[in-house]
Amino acid sequence: MAKSSLQKAIEKQAKESQKVARAAARRETAQSVVSGANFVAGFRVMDEESEVLLQEILNQYDGNENNYINFDEHNLPRSIRDSILVGFEKLKQYGVVSEVRNWMNGAGITLSENGKKYFNNKSAAYEREAAESERLQSIKITTAHKKYDVFISHASKDKLDYVDGLYMAVKKLGIHVFYDSEEISWGDNWKNVILDGTDSSEFAIIVISENFFDREWTNKELQEFLTRQNGSGQKIILPLLYNVTVDQFKERYPELQEIQCIEASRYNREMVTVLLAKELIKRYK
């Protein structure tokens, strides 16, 4: 029996709804990857699959002034072809393509200027990072004022996920770090050791997270450094927000709202280390 006009309209609407839902799911999947991309010297590095896809697009680009490519996906690995629509969505969110019109086994793609220059810009970013790292390592940082250059104050629950890696990145640069896991020995009075560490450190990176909030001992450490900073008038506290917003930070610690903080989501561990090294250079030169 032939379908009525109403049945056809309902089926058409259902198909449209499914199409919209699939597109939204692709955008969400792409966004989760793009938002987790690493930054090198301020340059966002795409995930490996996106780089493979962009490279193949560039291989097929003939240099026309419209930046347009009739893209054939057959040369791509099967794993990328199977999720090609998500791949295109990631490229749009990375800003390396401006338009994609999909068709069977390919697409009409318009490159952005950033897309044409992506790999050159990536190489330049790594060169800048290497040059900065070499420059910093060539500078001898002495600890004339304090035993430790920096004290890392944190919640124990954040060690494995974040703080252990931060400690290793800072230590690798030759900076003297007070880190409780390394400084407290068997049989020590740990409270006394930590308090001695707060008094013997030039700076304090305060890793502020949900786990940090309302913990007795982390707040004790914070107050020790705040008292020293207010007493000396010299910068000591370096707030580093881990999985919390600036607004949450200011709401929880209104006494710190005038102190500039940085967010771990925008600065990877190596970038944090470079910023710390710059502060130490200014302090000790």
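All of these numbers come straight from a predicted model, not from anything done at the bench. (Residues numbered from 1 in each chain as written. Predicted model: local features only at pLDDT ≥ 70, side-chain atom pairs only at ≥ 80, totals over all residues. Heavy atoms only, no water.)

A. Focus on the sheet that holds strand β4 (residues 97–103). Sheet architecture is open: 3 strands sit in the order β3-β5-β4, paired in antiparallel fashion. Each edge of the sheet is formed by a strand with only one pairing partner; in this case those strands are β3 (68–72) and β4. Mean inter-strand twist for the sheet, computed between neighbouring axes without regard to direction, equals 20 degrees. Where β4 meets strand β5 (residues 106–111), 6 bridges bridge the pair, whose relative direction is antiparallel. In the strand pairing of β5, Trp103 is matched with Gly106. Helix α2 (residues 48–60) contacts β3 and β5 of the sheet and is inclined by roughly 115 degrees relative to β3. Sheet strands in contact with helix α4 (residues 84–94) are β3, β4 and β5, and its direction is about 165 degrees off that of β4. (Pairing = 2+ DSSP bridges. Helix = DSSP H or I, 4+ residues; strand = E, 2+ residues; numbered from the N terminus. Axes fitted to C-alpha atoms, helices over the stretch in contact; angles between N-to-C directions. Contact = heavy atoms within 4.5 Å.)

B. Local environment of the side chain of Lys90. Looking at where Lys90 falls in the secondary structure, it is placed in helix α4. Relative accessible area serves as the criterion here: at 6%, Lys90 is assigned to the buried category. Apart from the residues lying within four places of it in its own chain, the contact partners of Lys90 are Ala30, Val33, Val34, Asp47, Glu49 and Ser50. (Buried < 20%, exposed > 50% of the residue type's maximum accessible area, 1.4 Å probe, protein only.)

C. Looking closely at the sheet that holds strand β8 (residues 201–208). With parallel pairing, the 5 strands of this open sheet are ordered in space as β7-β6-β8-β9-β10. Both outer strands of the open sheet, β7 (177–178) and β10 (262–263), are each paired with one neighbouring strand and no more. Sheet analysis places strand β6 (residues 148–153) next to β8, joined by 5 bridges and oriented parallel. Paired with Val150 across the strands is Phe203, a residue of β8. Together, β6, β8 and β9 (237–241) form the strand contacts of helix α9 (residues 216–232), whose direction differs from that of β8 by roughly 135 degrees.

D. Region of the structure containing the packing of α2 against α4. The contact between α2 and α4 brings their axes to 10 Å, and the two run at 85 degrees. Judged on the interaxial angle alone, α4 and α2 are roughly perpendicular. Contacts between α2 and α4 involve Glu49, Ser50, Leu53, Leu54 and Ile57 from the first element and Ile84, Gly87, Phe88, Lys90, Leu91 and Tyr94 from the second. For the contact of α2 with α4, the class distribution of residues is 7 nonpolar, 2 polar and 2 charged. (Parallel < 35°, antiparallel > 145°, perpendicular 65-115°, else oblique. Nonpolar A, V, L, I, M, F, W, Y, C, P; charged D, E, K, R; others polar.)

E. Quick look at the environment of Gln257. As for its position among the elements, Gln257 is in the loop between α10 (246–252) and β10. For Gln257 and Tyr167, which are 90 residues apart along the polypeptide, the C-alpha to C-alpha distance reads 25 Å.

F. Quick look at the packing of aromatic side chains. On inspection of all chains with the given rule, the structure shows 12 aromatic pairs. Ring geometry for Phe151 against Phe178: centres 4.7 Å apart, planes inclined by 5 degrees, an arrangement best described as stacked. Of this pair, Phe151 sits in strand β6 while Phe178 is found in strand β7, placing the two residues 27 residues apart along the sequence. By the burial criterion, Phe151 is buried, and Phe178 matches it. Look at Tyr167 and Tyr179: their rings are 4.6 Å apart centre to centre, the planes differ by 15 degrees, and that puts the pair in the stacked class. Residue Tyr167 is found in helix α6 (residues 159–172), and its partner Tyr179 is found in the loop between β7 and α7 (180–183); the two are separated by 12 residues along the sequence. Owing to a relative accessible area of 7%, Tyr167 belongs among the buried residues under this scheme. (Phe/Tyr/Trp six-rings, centres within 6.5 Å; stacked < 30°, edge-to-face > 60°.)

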